[in-house]
Structures are given as structure tokens and as C-alpha cells.
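Results of the structural survey
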Amino acid sequence: MPVTQVEKDPNRLTMTVRSEFKAGPDRIWQMWADPRLLERWWGPPTHPATFEQHDLSPGGGMKYFMTGPEGDKFRGWWRVISLEPGSGLEIEDGFADPDGNPDPSMASMIMKMSIEQAEHDPGTTLMTIETSFQSLEAMEQVLEMGAEEGMTLAQGQIDEMLASGAA
Amino acid sequence: MIVEKATGAEHEKEADRLFGALAHSTRRDIVRRTMESDYSVSELARCYTTSFAAIQKHVALLEAAGLVIKSPRGREQIVRGSTARIEEARELLGRMESLWRDRLDRFDQLLGTTNEGDKPCP
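All values derive from a computational prediction rather than experimental measurement.

Turning our eyes to something else, we now look at the overall build of chain B. Within chain B, the secondary structure is distributed over five helices and three strands. Sequence-ordered secondary structure for chain B, helices as α and strands as β, is α-α-β-α-α-β-β-α.

Next comes the structure, spelled out in C-alpha cells:
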């Protein structure tokens, strides 16, 4: 279990998740910087993500979609707000229309990610992810949009896989 | 570490605002009323002998403490007790948490580190 601490602030609609990985910071950064790696963990097995555009540079952005079990597509975009290659990234993540352009009628969220080498062990990296929403409605929309159903399904699938693997 | 300390101070400030807001019988009464039904500021003002301006001030303090939420309805401001919304925010953040836990489990598995000292999950 990589997650070491979760702080939730319902007044400010913010969540901070701290996690720890047995790998160097450069490998952790690669997981975000390489779209082929990113799409292997961003979406759950039921809704895998495909990044069609991935420009990790200041002012850059991403276009991606997640494909549901029925072939239904949920399109999204990222806008790079700030970037410190190898150590930090701040993006806005929102919904897109069928052409992949930002849908202004839909909610977006801000995600701040930072990575640093653990002091006690150079082979361990700490990653902190802070997500924040402008409103309760925005958070609801993000959770409603397929992704969440996908996550719940994914957790069930993982449990199943573990159960069959352990037998 | 610095982040955690800042959050701790932030929580303390929040608690001060909360207890300060509740340290007045009229404000406690406003919270009780607005949790039961919606009131405009002028409707609230009619419930008390104090001035409209004083009630406005009370409402502003309660709003800053996160105890009520003001939303416009026509030309009026509707005041609602916000504990339900805070509960809702808590629930949504809980779902957000499991989403990220799952995502970071996949991240970890992909890094291929799960079998390094981690005991298998049931």
C-alpha cells in the first residue's frame, strides 16, 4: 500500500494524499512524463486512458480519453499551470467535448503533484498529490462522470484477481 | 513537515472562528433556524429585536466559520445551515480518496515494487 497519509478538508474541498514508492525520483517522474506509462495507471482497468496529446511543458497540455466497457468514451484535457521537471507539476484537469476541446459547461479540478527523495533512503521517493475543487457541484460532477463507477468496478476486479491469485 | 504544521495552524484558526461564531446566543439561534429551513436575511432580522445590520453581521460571521451558506434568490440572500453541505463534502472527499488509493496502487504495481517488503494484501 503506497499511500501513507490522507488529509481531507471539507471546508476547502481539498484533499492531500501522501505516498511512498521504492524507486528513485526520476522513475516516479517518468510515470507522468511518458504518456505510454501514464495511461497504464491513470484509468482503472474498466476505463483505460489513452493520451492522444501529451505536452509536458509550461503552457502545454494533454488531450485524453477513457474508454468504458461498452466502448463509450469520456474525454478530458489537462492544462499545465506550472512545471518543475523532475520534481513538481500543477495541472487543471477538465472534461472535453467529443472533439477533445475543453467543455466550459463542465467542472474542472486543480491537481498539484510534487516528488522528493526520502531523506532516510535515496531509493525511496515521496509523492504528494493535492486535488482541489471550486465547488461541491464540481466535485460531484467529476465523481459522477464514469470514472467513479469505473474505480468501484476496478476495486472489485482487483479484489477478485487477488482472491484467485491467492488460491 | 512544513505543510503539516501550516495545516495544523489552519485547523486552529478554523476552530477559533467556529467557537467564536457560536459564542453568541443570537448566532446559535440563527444556526438552529437555518438548519431547519431557509431564511432570507430580512426574514431572520424580523425574528429578533436587534437591527437588520446587526443580523447581517452575525450572518457574515457564521458564514466565515462555515456554519451557514448564503446564496442569492432574486434580490434576496438566502441563508442555509451548512452542516449538510459539509457532510456531503466529506462523503465526496471519501470517494475521491478511494479513487486515488486505487490509482496509486496501480502506479505502485507498475513500478514493480509491490513485492519488495510489502506483505500480500488479503
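Each helix and strand in chain A was counted, giving four helices and eight strands. Listing the helices and strands of chain A from first to last along the sequence gives β-β-α-α-β-β-β-β-β-β-α-α. Considering only intrachain contacts with a sequence separation of at least 6, the fraction spanning at least 24 residues in chain A is 39%.

Turning our attention to the sheet that holds strand E6 (residues 88-95) of chain A. All names here are of chain A. One open sheet accounts for eight strands, arranged E1-E2-E8-E7-E6-E5-E4-E3; its pairing is antiparallel. Each of the sheet's edge strands pairs with one partner strand only, and the pair in question is strand E1 (3-9) and strand E3 (49-54). Across the sheet, the mean angle separating the axes of adjacent strands is 20° when strand polarity is ignored. Sheet analysis places E3 next to strand E4 (residues 61-67), joined by five bridges and oriented antiparallel. Counterpart to Gln53 in the pairing with E4 is Lys63. Along the sheet face, helix H1 (residues 25-33) touches strand E2 (14-21), E6, strand E7 (108-117) and strand E8 (125-133) and points at about 160° away from the line of E7.

This brings us to the interface of chain A and chain B. Contacts between the two partners involve 32 residues from chain A, matched on the other side by 29 residues from chain B. Per-element tally for the side of chain A that touches chain B: the top contributor is helix H4 (residues 147-166) of chain A, with five residues. In terms of residue class, the side of chain A that touches chain B is made up of 21 nonpolar, four polar and seven charged.

We now examine the pairing of E6(A). All names here are of chain A. Relative to E6, strand E5 (residues 73-84) is paired through eight bridges, and the arrangement is antiparallel. Counted as the bridge partner of Trp78 is Asp93 from E6. Turn length for the E5-E6 hairpin, with the two strands adjacent in sequence and antiparallel, is three residues, and the turn residue Gly86 shows positive phi of about 90°. The pairing of E6 with E7 spans seven bridges and is antiparallel. Residue pairing for E7: Asp93 is matched across the bridge by Met109.

Attention shifts here to the sheet that holds strand E3 (residues 76-81) of chain B. Residue and element names in this part refer to chain B. Taken together, three strands build an open sheet; the order of strands is E1-E3-E2 and the sheet is antiparallel. Each edge of the open sheet is held by one strand with a lone partner, namely strand E1 (39-40) and strand E2 (68-73). Pairing geometry for E2 and E3, over six bridges, is antiparallel. Each bridged residue has a counterpart across the sheet, and for Arg73 the counterpart in E3 is Glu76. Running over the sheet, helix H2 (residues 25-36) touches E1, E2 and E3 and is turned about 95° from E3.

Residue and element names in this part refer to chain A. Every buried residue of helix H3 (residues 136-144) is listed here: Met139, Val142 and Leu143. Within H3, the buried residues cover an arc of 95° as seen down the axis, which keeps them to one side. Residues of H3 that are exposed and point more than 90 degrees away from the buried face comprise Glu137 and Glu144.

Basis of the calculations
- Residues numbered from 1 in each chain as written.
- Chains lettered and ligands numbered in written order.
- Predicted model: local features only at pLDDT ≥ 70, side-chain atom pairs only at ≥ 80, totals over all residues.
- Helix = DSSP H or I, 4+ residues; strand = E, 2+ residues; numbered from the N terminus.
- Contact = placed C-beta atoms within 7 Å.
- Pairing = 2+ DSSP bridges.
- Axes fitted to C-alpha atoms, helices over the stretch in contact; angles between N-to-C directions.
- Nonpolar A, V, L, I, M, F, W, Y, C, P; charged D, E, K, R; others polar.
- Buried ≥ 20, exposed ≤ 12 C-beta atoms within 10 Å, placed from the backbone.
- Arc of directions from axis to C-beta.

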